Amino acid sequence: MTSSRVYQTAGIIIKRHKFGEADRLLTLFTSDCGKVRAIAKGAMRPGSKLGGHVELLTHSQMMLARGRNLDIITQAQAIDNFLPIRDSLELMSCGFYLSELVDTFTEENVADRELFDLFLNTLLELAEAKDGERILRYFELRLLSHLGYRPQLQKCANCGKLLLPEVNYFSPAQGGALCRNCGYPDMGARTISINALKVLRFWLRCDFATASRVKLSTELTGEIKGLMRENIRYILEKQLKSIEWMDTLANGNLTLEAPPS
Amino acid sequence: MNPDFFTTARPISRLIEEFNKLPGVGLKTAQRLTYHLLQATPEKSRDLAEAIIALKQNLHLCSVCLNITDSDPCGICSDATRDRTKVCVVEEPIDIIPLERTRKFRGLYHVLHGVISPSDGIKPEDLRIRDLLVRLGSAAVTEVILATNPNVEGEATSMYIQRLISPLGIRVTRLARGLPFGGDLEYADDVTLSRALEGRQEMY
Ligand SMILES: [Zn+2]
Ligand SMILES: [Zn+2]
């Protein structure tokens, strides 16, 4: 990071709040400085030059001035608005979730170019996808692995024995899969099918294009989703807020039906 | 914190602090207002104080549209000349003001009191969406106009409500999204521009 007062970086807006009457307080994940919180002055006024360039889930090139507490965005030019994501309630929800993941797992002002690229590529994939589920799973796995939470999937995380091609166990607390001798369901371990194990192993060593070619049954998709969710929840010691909303949508569970008239 | 905090009399610094909490009121303005009131007659100060207290005491939500009102139903809902077949859905009571100013809309409103924001944990149940559906189930509404803000949460909220309403066979429209008047093409972002293009109109 440079020490000059004004700096330029590309960034993705992952969170934003009203700030005063017409300003926005933004959380950006930038290519050069990692997570940064910054003020976009007047961004809520119609006709603001910042306006749509600093909207949530926008990839923008920005000029920032360092402030005492918060930096100030002086210029912004959107590079990609991921329009298809905004046109779909499901994809938008995936975008909310990805943003919350990045926000929750990162510290301010720690540059992480690799994570930025992963995040950006994931949004680009999402913008071309019909269904975001697999993209989310792949991102979760890569994110964990990148941040040092790569699950042990080859050997038993407890005794170190090579896992046999059978139903094994998985324990977030022990950092990965457990053999049949070491896995106790009452200790927070759950079963993991050999297919789920294979898919996760494969995804850890291939790019998304290759990962997306793997055929998954609905059952296997559900299993991997449950595994990853539990794993993340264990690491963060909390459930992300956007998960509940995604579930509401996914279940087609529009619980607010009008009473019969 | 007011820099003169320790040198100013407590009643003065207290009022300055209270003014300072209001939107758009900086420290300088807060000081000016406070010293202005210090000069004012007791009647003037009492009028202001009473107006502030009365604000909350006599106001409640309209039982029809959930706008903030001092009568029930509110002035708009009880106006017999308004078109009861159209309901315009807005995020906050304050959004009604600019729409009324246009004098283009003669229907009724429905205030959601918020917007879906998954990362803040604000869910559909936290908004007055159910009230809207109940209302649509019992009144002869033929069109719902979604007038949420043109941002990510506003659009998510509109899309969600649209999904709930469309099975009811009611026409759902939303405000055209495009370039702001007085704005500049050069500074428009791609979303705004592409939506302005989608919503282009014949010139007469
Ligand atoms: Zn073992
Ligand atoms: Zn009313």
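Given the structure is predicted, the values throughout are model-derived calculations rather than measurements.

## Re the overall build of chain B
Here is step 1: The helix and strand inventory of chain B stands at seven helices and six strands.
Here is step 2: Secondary structure of chain B in N-to-C order comes out as α-α-α-β-β-β-α-β-α-β-α-β-α.
Here is step 3: Its C-alpha atoms give chain B a radius of gyration of 22 Å, more than 25% over the compact-globule value 17 Å for 204 residues.
Here is step 4: Taken over the C-alpha atoms alone, chain B extends approximately 65 × 45 × 40 Å along its principal axes.
Here is step 5: In chain B, buried positions account for 38% of the 204 residues.
Here is step 6: A fraction of 45% describes how many contacts in chain B between residues 6 or more apart in sequence connect residues 24 or more apart.
Here is step 7: Between the centroid of the 25 positive side chains of chain B and the centroid of its 27 negative side chains there is a distance of 3 Å.

## Side note on the pairing of strand E6 (residues 171-174) of chain B
All names here are of chain B.
Here is step 1: Pairing geometry for strand E5 (residues 143-146) and E6, over four bridges, is parallel. Considered in E6, the bridge of Leu-146 is made with Arg-174.
Here is step 2: Once the chain exits E5 it traverses helix H6 (residues 152-165) before rejoining the sheet at E6, and the crossover so formed is right-handed.

## Some remarks on the coordination of the zinc ion (ligand 1)
Residues and elements named next belong to chain A.
Here is step 1: Around the zinc ion (ligand 1), the protein supplies Cys-156 (SG), Cys-159 (SG), Cys-179 (SG) and Cys-182 (SG) as donor atoms, at distances of 2.3 to 2.4 Å.
Here is step 2: Donor residues binding the zinc ion (ligand 1) come from one chain and are separated in sequence as C-x2-C-x19-C-x2-C. In this pair, Cys-159 sits in the loop between helix H4 (133-146) and strand E6 (168-171) while Cys-179 sits in the loop between strand E7 (176-178) and strand E8 (190-192), placing the two residues 20 residues apart along the sequence.
Here is step 3: Given a relative accessible area of 7%, Cys-179 falls into the buried group.

## Some remarks on the domain arrangement of chain B
Here is step 1: As far as domains go, chain B holds domain 1 (3-57) and domain 2 (61-202).
Here is step 2: Its C-alpha centre places domain 1 of chain B at a distance of 36 Å from the equivalent point of domain 2 of chain B.

## Quick notes on the sheet that holds E6(A)
Residue and element names in this part refer to chain A.
Here is step 1: With respect to topology, three strands assemble into an open sheet ordered E7-E6-E8, the strand pairing being antiparallel. Both outer strands of the open sheet, E7 and E8, are each paired with one neighbouring strand and no more. Pairs of neighbouring strands in the sheet enclose a mean axial angle of 45°, with direction left out of account.
Here is step 2: For E6 and E8, the ladder comprises three bridges, and the chain directions are antiparallel. When the sheet's bridge partners are listed, Asn-168 is paired in E8 with Ile-192.
Here is step 3: Contacts between helix H5 (residues 194-204) and the sheet are confined to E6, E7 and E8, with E8 contributing the most and set at about 70° to the helix.
Here is step 4: Helix-sheet contacts for helix H7 (residues 218-236) involve E6 and E8, and the interaxial angle to E8 is about 135°.

## Some thoughts on the nonpolar core
Here is step 1: Residues Ile73(A), Phe119(A), Leu123(A) and Trp203(A) are the most contacted members of the largest nonpolar core, which totals 101 residues.
Here is step 2: Looking at this core, the element that brings in the most residues is helix H2 (residues 89-105) of chain A, giving 10 residues.
Here is step 3: For Trp203(A), the contacting residues outside a window of four places in its chain are Arg134(A), Arg137(A), Tyr138(A), Leu141(A), Arg142(A), Ala211(A), Val214(A) and Leu216(A).
Here is step 4: By size, the runner-up hydrophobic cluster in this structure holds 16 residues, among which are Ile76(B), Cys88(B), Ile96(B) and Ile145(B).

## Examining H6(B)
Residue and element names in this part refer to chain B.
Here is step 1: Between its terminal C-alpha atoms H6 stretches 20 Å, which fits the 20 Å expected from 14 residues at 1.5 Å a residue.
Here is step 2: For H6, the buried fraction is high: 12 of the 14 residues fall into the buried class.
Here is step 3: Residues of H6 that are buried: Val-152, Glu-153, Gly-154, Glu-155, Ala-156, Thr-157, Ser-158, Met-159, Tyr-160, Ile-161, Leu-164 and Ile-165.

## Here we look at the environment of Glu100(B)
All names here are of chain B.
Here is step 1: Here Glu-100 is to be found in helix H4 (residues 96-101).
Here is step 2: It is 9.9 Å that separates the C-alpha atoms of Glu-100 and Ile-76, two residues lying 24 residues apart in sequence.
Here is step 3: Contact partners of Glu-100, with chain neighbours within four places excluded, come to Ile-76, Arg-82, Phe-105 and Tyr-109.

## Some words on the packing of H2(A) against H4(A)
All names here are of chain A.
Here is step 1: Closest axis-to-axis distance for the H2/H4 pair is 11 Å, and the angle between their directions is 5°. The orientation of H2 relative to H4 falls into the category roughly parallel. Residues Cys-94, Tyr-97, Leu-98, Leu-101, Val-102 and Phe-105 of H2 touch H4, and the partners they reach there are Leu-136, Phe-139, Glu-140, Leu-143 and Leu-144.
Here is step 2: Here the contact of H2 with H4 is composed, by residue class, of 10 nonpolar, no polar and one charged.

## Quick notes on the coordination of the zinc ion (ligand 2)
Residue and element names in this part refer to chain B.
Here is step 1: In the first shell of the zinc ion (ligand 2), the protein supplies Cys-62 (SG), Cys-65 (SG), Cys-74 (SG) and Cys-77 (SG), at 2.2 to 2.3 Å from the metal.
Here is step 2: Taken together, the four donor atoms surrounding the zinc ion (ligand 2) define angles of 105 to 116° at the centre, an arrangement classified as tetrahedral.
Here is step 3: Donor residues binding the zinc ion (ligand 2) come from one chain and are separated in sequence as C-x2-C-x8-C-x2-C. Across the pair, exposure class does not vary: Cys-62 and Cys-65 are buried alike.

## As for the side chain of Asp103(A)
Here is step 1: As for its position among the elements, Asp103(A) is in helix H2.
Here is step 2: Ignoring any residue separated from it by four or fewer positions in sequence, one finds Asp103(A) in contact with Ile14(A), Lys15(A), Thr27(A) and Lys35(A).

## Notes on the sheet that holds strand E3 (residues 86-90) of chain B
Residue and element names in this part refer to chain B.
Here is step 1: In space, the four strands of this open sheet follow the order E4-E3-E5-E6, with parallel pairing throughout. Two strands bound the open sheet, and with one partner strand each, they are strand E4 (108-111) and E6. Between one strand axis and the next, the sheet turns through 25° on average, direction left out of account.
Here is step 2: Summarising the sheet, E3 and E4 pair through four bridges and their orientation is parallel. By the bridge assignment, Val-87 is partnered in E4 with Leu-108.

## What about helix H3 (residues 113-128) of chain A?
Residue and element names in this part refer to chain A.
Here is step 1: With 16 residues, H3 should cover 22 Å at 1.5 Å per step; its first-to-last C-alpha distance of 23 Å lies within 8% of that length.
Here is step 2: Leu-115, Phe-116, Leu-118, Phe-119, Leu-120, Thr-122, Leu-123, Leu-126 and Ala-127 are the residues of H3 that are buried.
Here is step 3: Of the surrounding secondary structure, the elements contacted by the buried residues of H3 are strand E1 (6-19), strand E2 (23-30), strand E4 (59-65), helix H1 (83-86), H2 and H4.

Reading the values: the criteria
Positions within a chain are numbered from 1, following the residues in the order the chain's sequence is written. All chains are assigned letters beginning with A, and all ligands numbers beginning with 1, in the order in which they are written. Confidence filtering applies because this is a predicted model: local features only for residues at pLDDT of at least 70, side-chain atom pairs given and counted only at 80 or more, and all residues used for totals across whole chains, interfaces and linings. Hydrogens and water molecules were not included; the side-chain quantities draw on all heavy atoms of the structure. Going along the chain from the N terminus, every DSSP run of H or I of four or more residues is numbered as a helix, and every run of E of two or more is numbered as a strand. In this treatment the radius of gyration is a C-alpha quantity, and the globule benchmark scales as 2.2 Å times the residue count to the 0.38 power. For every residue, the accessible area (1.4 Å probe, protein chains only) is compared with the maximum for its type, and the residue is labelled buried under 20%, exposed over 50%, or partly exposed between those bounds. In what follows, residue pairs with any heavy atoms lying within 4.5 Å of each other are defined as contacts. Residues scored as charged are limited to Lys and Arg (positive) and Asp and Glu (negative), so that His and the chain ends carry no count. Just so you know, the charge point we use is NZ for Lys, CZ for Arg, CG for Asp and CD for Glu. Each pair of strands is called paired provided DSSP finds at least two bridges between the two strands. When the strands point away from the viewer and the path from the first strand over the helix to the second turns clockwise, the crossover is right-handed. Distances decide who is a donor: an N, O or S atom must be within 2.8 Å of the metal, or within 3.2 Å for Na, K and Ca. Water is not included, so sites may look incomplete. These domain limits were set by an automatic method or by a database of domain assignments. Each axis is a line fitted through C-alpha atoms, taken for helices only over the stretch in contact, and angles between the N-to-C directions span 0 to 180 degrees. Nonpolar cores were defined as sets of buried Ala, Val, Leu, Ile, Met, Phe, Trp, Tyr and Cys residues, with membership established by side-chain atoms within 4.5 Å. To estimate how far a helix should extend, the number of its residues minus one is multiplied by 1.5 Å. Comment on the angle field: the value is read as roughly parallel under 35 degrees, roughly antiparallel over 145, roughly perpendicular from 65 to 115, and oblique elsewhere. The nonpolar class holds Ala, Val, Leu, Ile, Met, Phe, Trp, Tyr, Cys and Pro. Asp, Glu, Lys and Arg form the charged class, and all remaining residues, Gly among them, are polar. Between 85 and 135 degrees for all angles marks four donors as tetrahedral; over 155 degrees for opposite donors together with 65 to 115 for all other angles marks four donors as square planar and six as octahedral; every other arrangement is irregular.

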